Amino acid sequence: MIYKKLSLSVLLFAAGFLTASAQKSPQDMDRFIDVLMNKMTLEEKIGQLNLPVTGEITTGQAKSSDIAAKIKKGEVGGLFNLKGVEKIREVQKQAVEQSRLGIPLLFGMDVIHGYETMFPIPLGLSCTWDMTAIEESARIAAVEASADGISWTFSPMVDISRDPRWGRVSEGSGEDPFLGAMIAEAMVRGYQGKNMERNDEIMACVKHFALYGAGEAGRDYNTVDMSRQRMFNDYMLPYEAAVEAGVGSVMASFNEVDGIPATANKWLMTDILRGQWGFNGFVVTDYTGISEMIDHGIGDLQTVSARAINAGVDMDMVSEGFVGTLKKSVQEGKVSMETLNTACRRILEAKYKLGLFDNPYKYCDPKRPARDIFTKAHRDAARSIAAESFVLLKNDSPDGNPNGNPLLPFNPKGNIAVIGPLANSRSNMPGTWSVAAVLDRCPSLVEGLKEMTAGKANIMYAKGSNLISDASYEERATMFGRSLNRDNRTDQQLLDEALNVARQSDIIIAALGESSEMSGESSSRTDLNIPDVQQNLLKELLKTGKPVVLVLFTGRPLTLTWEQEHVPAILNVWFGGSEAAYAIGDALFGYVNPGGKLTMTFPKNVGQIPLYYAHKNTGRPLKEGKWFEKFRSNYLDVDNDPLYPFGYGLSYTTFSYSDIDLSHSSMDMTGSLTAAVEVTNTGTWPGTEVVQLYIRDVVGSSTRPVKELKGFQKIFLEPGEMKIVRFKIAPEMLRYYNYDLQLVAEPGDFEVMIGTNSRDVKTAKFTLN
């Protein structure tokens, strides 16, 4: 007779401790977990805090894998980056039917910007300024991931960064905390749904708490050092917004905060996250975050593990510091049973809220993958959202005539040359952090354009150059199956072939920029130009006299000063995901009017970094319109202005803004006022415009930025159409953290600015009494 052990939830249900309706009650959750924890040994409690990685199990091997023995002993609380519903079901079965208490596992994965249907990288998504689209991308990602057994995603990443040298800007939402907070909320809603009851809703994990995007020199994992006032005014809001949206988990960051690594920082994890913000989920470390604190220099593995759990960290990813040392720390009195029980309870509560005790196989329906993953509806949404993320940086006449017709869009006819090392790569289209993507299923730009223009145009292709002249650099920049298949011909041979193709063409699409793994984790750069051999290729293509469109692939702001001066049209397509090739064709051929707006400032050169719109004024500001003035805050060799400001993005049409109409010239602390502008489509194309509201606190008890984003509206206008866009301004929009970290709105003068980007604005003034 084969004995199959029933899960604890089934036994409790039969004993009358649990009913289906009771799972929705916090009181019954507490009762359920009390009963469970009373049955757990010290080792089993510690095991719930252990999150090892396994990606090597194949179906049929779960019983014999190294991880299986640990699961059976109750030493594992969850696993991550295991893909496939059948594999996950088999491993879950080990936990539920072979361990003593049958506690189900969490299964997490880096589902960052899609599962198998890939959406634009998060920095690209943010450039849509469309919260509905961003939430939809997360909703589709949750549907697909959950269909394949995943119950937990390590997303959204909401780290504010103002340094494009840092590769992980590709995974964030840019430089602005207000916009970042709105995106954080949208992503959490998309992943988690209303309450994670459905089997297509998964738990989100906001990361990296905190300040990870502010590492010195733009170098990944590097030291962060700033005042607490700056933390709260410039960096904390997106994390707090995710907590307010009900995010189920938080990931600790690698960096130190106030001299203490975040993973051991009690002020951060307990005082702020739980005490001030009321977070009631669990905190997980980043990959080996606990053991890395040894190199930070604050103790051995037992010491740093104890410091982490005492600080408020609940789950240890990969380090096995908890499962290896906490028993000893408890016995020695370095960690209390109360602290251990609290951490264990938080993990069990997460599993309860996901419904895993009621149904451990909630996410293991083998019929779902074929029905719910990489569907046509999902790909259609990805194509639409990708096109919405593209930012038109320049669109002049190809002959340089300021009164001539802009190059884009163009009719797909004649000979179209598609040239560049990124023109015919499938694996680079999804972008970095596309863990679950089937890379060879994403059509390359050449393939997509050929399909779209079949019977209308002749697409010709040449690689033109390698990614970069340095072969070892290219190898570092094309990891994880993203090789561009380096061509062993000489640079001149590659160029000659490209020029031969170019001369036969009517128009040239130059597909240049970064490879997908030139941005992302541990992909910091000090030179943000388009790589050397690609720049040379672009210059030679322009010499042919043919019209050239630069289709720019990038995961970060690049320094494009030469390109802005010489190339007639530049379309920044980021890395647009599964359907990027078709979306790029939609934009180039005018089937879609690009309306994306930058969420990070593009500098003119690396020496300007950090460069961001919400800077402070200094006591010696450079006067508006000036380049250099001695004894002012400026450079000798370049002006202070960015190449492309925050919020910038062109369209195939044009928009005009009226002066701002304020409903009142002043308001008190209980009142409000309305700022309105008339926005008119003055061109010949229908298009979208992101109307942006900025406010400046002119005089404060602490110095304030020259402007801060406080609202925006994305509107659609037909040619000649006008809309009045209104923003309500209330005192809570004017609050900031003062020197004493009090959130205050201070009486005084304010400027309100409304415009098409952070630079080109109309201005009015009001007073807060």
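In this numbering scheme, every chain counts its residues from 1 along its sequence in written order. It should be noted that, the model being predicted, local features are given only for residues of pLDDT at least 70 and side-chain atom pairs only at 80 or more, the latter also being counted only at that level, while totals for whole chains, interfaces and linings use all residues. Derived side-chain values reflect all non-hydrogen atoms in the structure, with water molecules and hydrogen atoms excluded from consideration.

*Asks:* Please explain the environment of Tyr 652 as it appears in this structure.
*Replies:* Of note, Tyr 652 is situated in the loop between α23 (580-588) and β17 (655-657). Overall, Tyr 652 belongs to the buried group, its relative accessible area being 9%. Remark: the alpha-carbon pair of Tyr 652 and Gly 687, spanning 35 residues in sequence, is separated by 7.5 Å. We call two residues contacting when some pair of their heavy atoms lies within 4.5 Å. Residues contacting Tyr 652, with those up to four places away along its chain left out, are Leu 392, Asn 395, Leu 408, Pro 409, Ala 587, Leu 588, Gly 590, Val 592, Asn 593, Pro 594 and Trp 685. A distance of 2.6 Å separates the side chain of Tyr 652 from the backbone oxygen of Ala 587, its partner in a polar contact. Put simply, DSSP H or I for four residues or longer makes a helix, DSSP E for two residues or longer makes a strand, and each gets a number counted from the N terminus. Exposure is judged per residue with a 1.4 Å probe applied to protein chains only, and the accessible area is read against the type maximum: over 50% gives exposed, under 20% gives buried, and values in between give partly exposed. As used in this structure description, the phrase polar contact means that two N or O atoms lie within 3.5 Å; if the pair is within protein, one of them must be able to donate a hydrogen and the other to accept it, and residues adjacent in sequence are counted only when both atoms belong to side chains.

*Asks:* Looking at this structure, how should I read the layout of surface pockets?
*Replies:* The gaps left among the atoms become clear once a water-sized probe is rolled over them. There is about 1,200 Å³ of room inside the largest pocket. Only protein atoms enter the 1 Å grid used here, on which a cavity is any set of points holding a 1.4 Å probe that cannot leave and a pocket is any open set flanked by protein within 12 Å on both sides along at least five of seven lines; residues with an atom within 4 Å of a point are listed as lining. In this structure, the largest pocket is lined by 33 residues; those nearest its centre are His 615, Asn 640, Asp 641, Val 706 and Lys 707. Gly counts as polar in this scheme, as do all residues outside two lists: the nonpolar Ala, Val, Leu, Ile, Met, Phe, Trp, Tyr, Cys and Pro, and the charged Asp, Glu, Lys and Arg. Taken together, the residues that form the lining of the largest pocket break down as 13 nonpolar, ten polar and ten charged. Grid points are joined across faces, edges and corners, and a volume is the space filled by probe spheres set on the points.

*Asks:* Explain the nonpolar core here, please?
*Replies:* Here is a general trend for soluble globular proteins: nonpolar side chains tend to be buried in one another's company. To define a nonpolar core, start from buried Ala, Val, Leu, Ile, Met, Phe, Trp, Tyr and Cys residues and group those joined through side-chain atoms within 4.5 Å. One finds Trp 152, Phe 209 and Met 236 to be the most contacted residues of the largest nonpolar core, which totals 131 residues. Per-element accounting of this core gives the leading share, nine residues, to helix α7 (residues 131-147).

*Asks:* Even after reading the chapter, I still don't get a nonpolar patch on the surface, so can you show me in this structure?
*Replies:* On the surface, Trp 627, Phe 628 and Leu 636 cluster together to form a nonpolar patch covering roughly 360 Å² of accessible area. Mapping Trp 627 onto the fold places it in the loop between α23 and β17. In this structure Trp 627 comes out as partly exposed when scored by relative accessible area, which is 46%. Two joining distances apply to patches: 9 Å for like charges and 5 Å for nonpolar side chains (Val, Leu, Ile, Met, Phe, Trp, Tyr), and every residue must have over 30% relative accessible area and no salt bridge. Per-residue accessibility takes into account occlusion by the displayed protein chains alone, with areas from the Shrake-Rupley method and a 1.4 Å probe. The salt bridge definition used is simple: a Lys or Arg side-chain nitrogen within 4 Å of an Asp or Glu carboxyl oxygen.

*Asks:* I keep staring at the sheet that holds strand β6 (residues 249-252) and nothing clicks. Help me out?
*Replies:* Whether parallel or antiparallel, the strands of a sheet pair through hydrogen bonds between backbone atoms. Pairing in this open sheet of three strands is parallel, and the strands run β5-β6-β9 from one edge to the other. At either end of the open sheet lies a strand with only one pairing partner, and these are β5 (205-209) and β9 (282-284). Strand-to-strand twist across the sheet, computed as the mean angle between neighbouring axes with direction ignored, equals 30°. We call two strands paired when DSSP finds no fewer than two bridges between them. An axis is simply a line fitted to the C-alpha atoms; with a helix, the fit covers only the stretch in contact. Between two such axes, the angle follows the N-to-C directions and lies from 0 to 180 degrees.

*Asks:* Just to check I follow, could you spell out the packing of helix α2 (residues 26-39) against helix α15 (residues 337-353) for this structure?
*Replies:* When two helices pack together, their arrangement is given by the angle between their axes and by how far apart the axes lie. Relative to each other, α2 and α15 sit at 125°, their axes nearing to 10 Å. If you check the angle between α2 and α15, you find them oblique. For the crossing formed where α2 meets α15, the hand is right-handed. On α15, the residues that touch Asp 28, Met 29, Asp 30, Phe 32, Ile 33, Asp 34, Leu 36 and Met 37 of α2 are Asn 341, Cys 344, Arg 345, Leu 348, Glu 349, Tyr 352 and Lys 353. In what follows, roughly perpendicular refers to angles from 65 to 115 degrees, roughly parallel to angles under 35, roughly antiparallel to angles over 145, and oblique to any angle outside these ranges. Left-handed describes a crossing in which the near helix is turned anticlockwise from the far one by less than a right angle; the clockwise case is right-handed.

*Asks:* When you look at the packing of aromatic side chains in this model, what are you seeing that I'm missing?
*Replies:* Between two aromatic rings, the relevant description is the distance of the centres plus the angle of the planes. Each pair of aromatic rings taken from Phe, Tyr and Trp, with Trp reduced to its six-membered ring, is defined by centres within 6.5 Å and is described as stacked if the planes are under 30 degrees apart, edge-to-face if over 60, and tilted in the remaining cases. Enumeration over the complete set of coordinates arrives at 26 aromatic pairs. Measuring from centroid to centroid gives 5.0 Å for Trp 166 and Tyr 212, while their planes differ by 85°, and the two rings are edge-to-face. In this pair, Trp 166 sits in the loop between β4 (152-153) and α8 (177-192) while Tyr 212 sits in the loop between β5 and α9 (228-235), placing the two residues 46 residues apart along the sequence. Residue Tyr 212 is classed as buried on the basis of its relative accessible area of 2%. Three or more aromatic residues joined by ring pairs make a cluster, and in this case those are Trp 129, Phe 178, Tyr 613, Phe 646, Tyr 694 and Phe 712. In our convention, an over-ring charge means Lys NZ or Arg CZ found within 6 Å of a ring centre and within 35 degrees of that ring's normal. Taking NZ or CZ as reference, Lys 539 lies 5.2 Å from the ring centre of Trp 562, over its face.

*Asks:* Is there a simple way to think about helix α18 (residues 445-452) in this case?
*Replies:* Note on helix geometry: an α-helix contains 3.6 residues per turn, so any two residues three or four positions apart are oriented the same way. The complete set of buried residues in α18 reads Leu 445, Val 446, Gly 448, Leu 449 and Met 452. One side of α18 holds all its buried residues, which, seen down the axis, span an arc of 165°. Considering only its buried residues, α18 is in contact with α17 (376-389), β12 (414-419), β13 (457-462), β14 (507-513), β15 (548-553) and α23. Along the arc lie the directions from the helix axis toward the C-beta atoms.

*Asks:* I tried to follow the side chain of Asn 593 on my own but got confused; where do I start?
*Replies:* With respect to the helices, strands and loops of the structure, Asn 593 is situated in the loop between α23 and β17. The buried category is assigned to Asn 593, whose relative accessible area is 14%. From its side chain, Asn 593 meets the backbone nitrogen of Tyr 652 in a polar contact 2.9 Å long. Polar contacts involving the side chain of Asn 593 include one to the main-chain carbonyl oxygen of Pro 686, which spans 2.9 Å. Residues contacting Asn 593, with those up to four places away along its chain left out, are Ser 651, Tyr 652, Thr 653, Trp 685, Pro 686 and Gly 687.

*Asks:* Any chance you could explain the sheet that holds β4 here in plain terms?
*Replies:* As summarised here, the arrangement of the three strands in space is β2-β3-β4, forming an open sheet in which the pairing is parallel. The open sheet has two edge strands, β2 (78-80) and β4, and neither has a second partner. Pairing geometry for β2 and strand β3 (residues 106-109), over three bridges, is parallel. By the bridge assignment for β3, Gly 78 is matched with Leu 106.

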